[in-house]
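# Summary of structural features
If you want the building blocks of each chain, they are given just below.
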Amino acid sequence: MSEGTIEVAATLERCDPDTGRRWVATYRVPMAAGDHALNLLATIRRRHDATLSYPAHFCKLGTCGACALTVDGASALGCRVIVRAGAIRIGPAKGRPVAADLLTLAARPHPIRPEGDDE
Ligand code: FES
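Let me sum up the structure you'll find in this document. (Residues numbered from 1 in each chain as written. Predicted model: local features only at pLDDT ≥ 70, side-chain atom pairs only at ≥ 80, totals over all residues.)

Let's shift gears to the environment of Tyr 27. Its place among the elements puts Tyr 27 in strand β2 (residues 22–32). In contact with Tyr 27, other than residues within four places in its own chain, are Ala 10, Ile 44 and His 48. (Helix = DSSP H or I, 4+ residues; strand = E, 2+ residues; numbered from the N terminus. Contact = placed C-beta atoms within 7 Å.)

Structural data, given as structure tokens:
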């Protein structure tokens, strides 16, 4: 492993919406130090399992809420979670219906409205 690379053991909570089957899968992934959880999920999808569903990237600034996940049991935004070496467990956002794997039905942008705009 090159300098600046960390080894992450990512346990993902998976779900097949067609059958209702739920399971966990663990992937060992070398990552660049400082990468965020959305990069981890993209790497897993690209290198390990192309069927993985997870919230698509939108603002990447922590403002739209589209990347809501559960990380190590706590609600988190995938674009704000810096992945550390070692184990991490990622599940779908709490309180939202699961469309597939880590993707929830409410996982879409919530536009930021200018102050005073009630519509
Ligand atoms: S992509 Fe994470 S909050 Fe918008």
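Having seen the structure, we can now continue with the description.
Taken together, the five strands give an open sheet; going across it, the order is β2-β1-β5-β3-β4, and neighbouring strands pair in mixed fashion. Edge positions in the open sheet fall to β2 and β4 (74–77), since each of these has one partner strand only. Adjacent strand axes in the sheet meet at a mean angle of 35° when their direction is disregarded. With three bridges joining them, strand β3 (residues 68–71) and strand β5 (residues 86–92) adopt antiparallel strand pairing. Across the sheet, the residue bridging to Val 71 is Ile 90, located in β5. Against the sheet, helix α1 (residues 37–47) makes contact with β1 (5–15), β2, β3 and β5, and its axis sits at roughly 105° relative to β2, the strand it touches most. (Pairing = 2+ DSSP bridges. Axes fitted to C-alpha atoms, helices over the stretch in contact; angles between N-to-C directions.)

Attention now moves to unusual backbone geometry. Positive phi is not limited to glycine here, since Lys 60 has a value of about 60°. Tracing the sequence through the fold places Lys 60 in the loop between α1 and β3. Positive phi values are uncommon outside glycine, yet Asp 101 reaches one of about 50°. Inspection of the secondary structure puts Asp 101 in the loop between β6 (98–100) and β7 (103–104). What makes Asp 101 buried here is the crowd of 25 C-beta atoms within 10 Å. (Buried ≥ 20, exposed ≤ 12 C-beta atoms within 10 Å, placed from the backbone.)

A word on α1. When we look at burial in α1, the residues that qualify are Ala 37, Leu 38, Leu 40, Leu 41 and Ile 44. Projected onto a plane normal to the axis of α1, the buried residues spread over an arc of 160° and lie on a single side. Facing away from the buried side of α1 by more than 90 degrees, the exposed set consists of Arg 46 and Arg 47. Tucked inside the fold, the buried residues of α1 contact β1, β2, β3 and β5. (Arc of directions from axis to C-beta.)

Geometric descriptors of this kind do not, in isolation, establish any biological role.
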